[in-house]
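Notes for the structure review
Okay, here's what each chain looks like letter by letter:
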Amino acid sequence: AQSVSQHNHHVILSEAASLELGCNYSYGGTVNLFWYVQYPGQHLQLLLKYFSGDPLVKGIKGFEAEFIKSKFSFNLRKPSVQWSDTAEYFCAVIPKLSSNTGKLIFGQGTTLQVKP
Amino acid sequence: DTAVSQTPKYLVTQMGNDKSIKCEQNLGHDTMYWYKQDSKKFLKIMFSYNNKELIINETVPNRFSPKSPDKAHLNLHINSLELGDSAVYFCASSHSSGGTLSGANVLTFGAGSRLTVL
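Anyway, here's the lowdown on the structure attached to this text. Given the structure is predicted, the values throughout are model-derived calculations rather than measurements.

1. Some remarks on the pairing of strand S3 (residues 19-25) of chain B
Residue and element names in this part refer to chain B. Judged from the four bridges that link them, strand S1 (residues 4-7) and S3 form a sheet pairing that is antiparallel. Along S3, the bridge assignment pairs Gln6 with Cys23. Note: S3 against strand S8 (residues 73-78), four bridges, orientation antiparallel. Within the sheet, the bridge partner assigned to Ile21 lies in S8 and is Leu76.

2. Re the layout of surface pockets
Its volume calculated, the largest pocket comes out at about 470 Å³. Taken together, the elements giving at least two residues each to the lining of the largest pocket come down to strand S10 (87-95) of chain A together with strand S9 (87-94) and strand S11 (113-117) of chain B. Residues of the lining of the largest pocket, tallied by class, amount to 10 nonpolar, nine polar and five charged. Residue contributions to the lining of the second largest pocket peak at four residues, all from strand S5 (residues 43-50) of chain B. Its residues placed into classes, the lining of the second largest pocket shows 11 nonpolar, two polar and four charged.

3. Considerations on unusual backbone geometry
Residues and elements named next belong to chain B. With omega at -5°, the peptide bond leading from Thr7 into Pro8 counts as cis. Secondary-structure assignment places Pro8 in the loop between S1 and strand S2 (10-13). Although it is not a glycine, Lys52 sits at a positive phi angle of roughly 75°. Inspection of the secondary structure puts Lys52 in the loop between S5 and strand S6 (53-57). Under the relative-accessibility criterion, Lys52 is labelled partly exposed at 47%.

4. Digging into the interface of chain B and chain A
Contact with chain B, which involves 24 residues of that partner, is made by 29 residues of chain A. Taken together, both faces of the contact between chain B and chain A bury some 2,100 Å²; the carbon and sulfur share is 57%. Inspection of the chain B/chain A interface yields two salt bridges. For Glu88 of chain A, the salt bridge is made with Lys41 of chain B, and the minimal N-O distance between the two is 2.8 Å. For the interface between chain B and chain A, the tally reads 10 residue pairs in polar contact (both at pLDDT 80 or more). For the side of chain B that touches chain A, the secondary-structure elements that each account for two or more residues are strand S4 (31-37) and S5 of chain B. Among the residues forming the side of chain B that touches chain A, the class breakdown is 13 nonpolar, seven polar and four charged.

5. Considerations on the environment of Leu104 of chain A
Along the chain, the position of Leu104 of chain A falls in the loop between S10 and strand S11 (105-106). Leu104 of chain A gets classed as buried once you look at its relative accessible area, which sits at 3%. Along the chain, Leu104 of chain A and Ser3 of chain A lie 101 residues apart, while their C-alpha atoms are 10 Å from each other. Excluding anything up to four places from it in sequence, Leu104 of chain A contacts Phe34, Tyr36, Ala92, Val93 and Ile94 of chain A together with Tyr35, Leu107 and Phe109 of chain B.

6. Notes on the pattern of salt bridges
The final tally for this structure, using the stated rule, is eight salt bridges over all chains. Here Glu64 of chain A ties to Arg77 of chain A by a salt bridge, and the two come within 3.5 Å at their closest N and O atoms. Of the two residues, Glu64 of chain A sits in strand S8 (residues 64-68) while Arg77 of chain A sits in strand S9 (residues 73-78), which places them 13 residues apart along the sequence. You can call Glu64 of chain A buried: its relative accessible area is 18%. With its nearest N and O atoms 2.8 Å apart, the salt bridge here joins Asp85 of chain B to Arg63 of chain B. Here Arg63 of chain B lies in the loop between S6 and strand S7 (64-70) and Asp85 of chain B lies in the loop between S8 and S9, a separation of 22 residues in the sequence. We classify Asp85 of chain B as buried; its relative accessible area is 4%. Linked by salt bridges that have partners in common, Lys58, Glu64, Glu66 and Arg77 of chain A make up one network.

7. Description of the state of the cysteines
For the structure on display, the rule yields two disulfides over all chains. Through a disulfide, Cys23 of chain A is tied to Cys91 of chain A; the S-S separation comes to 1.9 Å. Looking along the S-S bond of the Cys23 of chain A-Cys91 of chain A disulfide, the torsion reads about -65°, which is the left-handed sense. Of this pair, Cys23 of chain A sits in the loop between strand S3 (19-21) and strand S4 (24-26) while Cys91 of chain A sits in strand S10, placing them 68 residues apart in sequence. With a relative accessible area of 0%, Cys23 of chain A lands in the buried category. The class for Cys91 of chain A is buried, based on a relative accessible area of 0%. Each disulfide pairs two cysteine sulfurs, and for Cys23 of chain B the partner residue is Cys91 of chain B, the sulfurs being separated by 1.9 Å. On the S-S bond that ties Cys23 of chain B to Cys91 of chain B, the torsion sits near -80°, and the link is left-handed.

What counts and what doesn't
- In this numbering scheme, every chain counts its residues from 1 along its sequence in written order.
- Each chain takes a letter, starting from A, and each ligand takes a number, starting from 1, following the order in which they are written.
- Totals for whole chains, interfaces and linings use every residue, but because this is a predicted model, local features are given only for residues with pLDDT of at least 70 and side-chain atom pairs only at 80 or more, for both listing and counting.
- Hydrogens and waters are ignored; side-chain quantities use all the structure's heavy atoms.
- A strand pair is defined by DSSP finding two or more bridges across the two strands.
- Where helices and strands are cited, they refer to DSSP runs of H or I of at least four residues and of E of at least two residues respectively, numbered from the N terminus.
- A pocket, in this scheme, is an open set of points on a 1 Å grid over the protein atoms alone with protein on both sides within 12 Å along at least 5 of 7 lines, while a cavity is a set where a 1.4 Å probe fits but cannot get out; residues line either one if an atom lies within 4 Å of a point.
- Grid points are joined across faces, edges and corners, and a volume is the space filled by probe spheres set on the points.
- All amino acids are sorted into three groups, where Ala, Val, Leu, Ile, Met, Phe, Trp, Tyr, Cys and Pro are nonpolar, Asp, Glu, Lys and Arg are charged, and the leftover types, Gly among them, are polar.
- Each residue gets one of three labels from its accessible area relative to the maximum for its type: buried under 20%, exposed over 50%, partly exposed in between, using a 1.4 Å probe on protein chains only.
- Should any heavy atoms of two residues lie within 4.5 Å, those residues are counted as being in contact.
- Buried area: the accessible area, evaluated with a 1.4 Å probe, that two parts lose upon being put together, summed over both parts.
- By convention in these notes, a salt bridge is any Lys or Arg side-chain nitrogen within 4 Å of a carboxyl oxygen on Asp or Glu.
- We define a polar contact as two N or O atoms separated by no more than 3.5 Å, with the added condition that, inside protein, one atom must be a possible hydrogen donor and the other a possible acceptor, whereas residues neighbouring each other in sequence contribute only through side-chain atom pairs.
- When the sulfur atoms of two cysteines come within 2.5 Å, that pair is taken as a disulfide.

Dropping the structure here:
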């Protein structure tokens, strides 16, 4: 079955530290990939997405992610985190074959806590 | 302006009760979804509706009945609530048309409705 793994469940960083959140998926075909973020009390919002082309994608708020097909990974990075980045981060994939169904497969989420 | 709004945000109820969660989107999308986030924080799709028509039903117990009066609304009604129904329920919407490079599978989510069954 298709699945998404986020290895870091809880990450604590100081402001200005660099961030990398891991995401791996299991599916043999081509996929579309997403990172969503949920700030405390707010809705899930799209950080960035990868459909095709340059495997390094840039999103909002200085986030970027790199798709490495050979590793089935789509890790999220930010060079310098801020206290306002404290949130839950979710990686999600959808096989391109079923991309019009909206049936995203989510990882378990990573709680990021940034200390001021 | 909230794009996808859900009410209520919190719901605490007794086992056996019937409850509803409402969802509305003002994005002009034609597809709406319900996702359930379990205690381990995994989000899993329950239903999707396109233009008021049920498209996906992921083997959810028939105690759960989605209703879409129009394409801007998708409500979730749950009968005979059980302890295991306690979860956060997320509504989402998207466009349905277009190819794989379109916005067809870019979902916009609501803030979630936390249901606690006692």
